[in-house]
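Letter by letter, the chains look like this.
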Amino acid sequence: QVQLVESGGGLVQAGTSLRLSCAASGRTFSGYRMGWFRQTPGKEREFVATITWSGGTTYYTDSVKGRFTITRDRAKNTVYLQMNSLKPGDTAVYYCAAGFRALLLGTSDYEYDYWGQGTQVTVSS
């Protein structure tokens, strides 16, 4: 069993930055990838970014390319999402996810096996 705990969300102004963290615990993390998704009320959960645990290969949704960066610290079993130049449209609950299967690109939620509880990010204009 793997537990994921997100932190770092908050209320910020447009144009500023936030860094989200997701710590994995419960067993030595040997998963294939970790990812970030986000969700707003009334909408489906949306893929944001993913990183492979071993090789560090990353992939982003188009709307965050050049603004968000996903990284991982294997020694700390932690994945980060650095969010720069935030926009009001980035407002959402952000979820961390861990996947143990090498399926496709990691952009779909069925590719992940464990999820965190979410952290709220609110960007004011």
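A brief look at the structure comes next. What you are looking at is a predicted structure, and each value in this text was computed from that prediction instead of being measured. (Residues numbered from 1 in each chain as written. Predicted model: local features only at pLDDT ≥ 70, side-chain atom pairs only at ≥ 80, totals over all residues. Heavy atoms only, no water.)

Now for the nonpolar core. Core analysis: the biggest nonpolar cluster contains 28 residues, and Leu-4, Trp-36, Leu-81, Met-83 and Tyr-94 have the highest contact counts within it. Broken down by secondary-structure element, the contributors of at least two residues to this core are β3 (18-25), β4 (33-39), β5 (46-52), β7 (68-73), β8 (78-83), β9 (92-99) and β11 (119-124). Setting aside residues up to four positions removed in sequence, Leu-81 forms contacts with Leu-18, Arg-19, Leu-20, Trp-36, Val-48, Ala-49, Phe-68, Thr-69, Ile-70 and Tyr-94. (Core = buried A, V, L, I, M, F, W, Y, C linked by side-chain atoms within 4.5 Å. Buried < 20%, exposed > 50% of the residue type's maximum accessible area, 1.4 Å probe, protein only. Helix = DSSP H or I, 4+ residues; strand = E, 2+ residues; numbered from the N terminus. Contact = heavy atoms within 4.5 Å.)

This part is about the packing of aromatic side chains. The tally for this structure, following the rule as stated, stands at 6 aromatic pairs. With centroids separated by 5.3 Å and ring planes inclined at 85 degrees, the aromatic side chains of Phe-37 and Tyr-112 adopt a geometry described as edge-to-face. Linking Phe-37 in strand β4 with Tyr-112 in the loop between β9 and β10 (114-115), this pair joins segments that are 75 residues apart in sequence. Tyr-112 matches Phe-37 in its accessibility class, with the two residues each being buried. Aromatic rings pair up to connect Phe-37, Phe-47, Tyr-59, Tyr-112 and Trp-115 into one cluster. The side chain of Arg-45 reaches across the aromatic face of Trp-115, ending 3.7 Å from its centre. Looking at Lys-65, its charged tip hangs above the ring of Tyr-59, at a distance of 5.8 Å from the centre. (Phe/Tyr/Trp six-rings, centres within 6.5 Å; stacked < 30°, edge-to-face > 60°. Lys NZ or Arg CZ within 6 Å of the ring centre and 35° of its normal.)

Before going further, it helps to examine the state of the cysteines. Here, disulfide denotes a covalent bond that connects the sulfur atoms of two cysteines. What the rule picks out here adds up to 1 disulfide. Through a disulfide, Cys-22 is tied to Cys-96; the S-S separation comes to 2.0 Å. Between Cys-22 and Cys-96 the disulfide shows an S-S torsion of about -75 degrees. By sign, it is left-handed. One end of the pair, Cys-22, is in strand β3; the other, Cys-96, is in strand β9, with 74 residues separating them in the sequence. For the residue pair Cys-22 and Cys-96, the accessibility class agrees, reading buried in each case. (Disulfide = S-S within 2.5 Å.)

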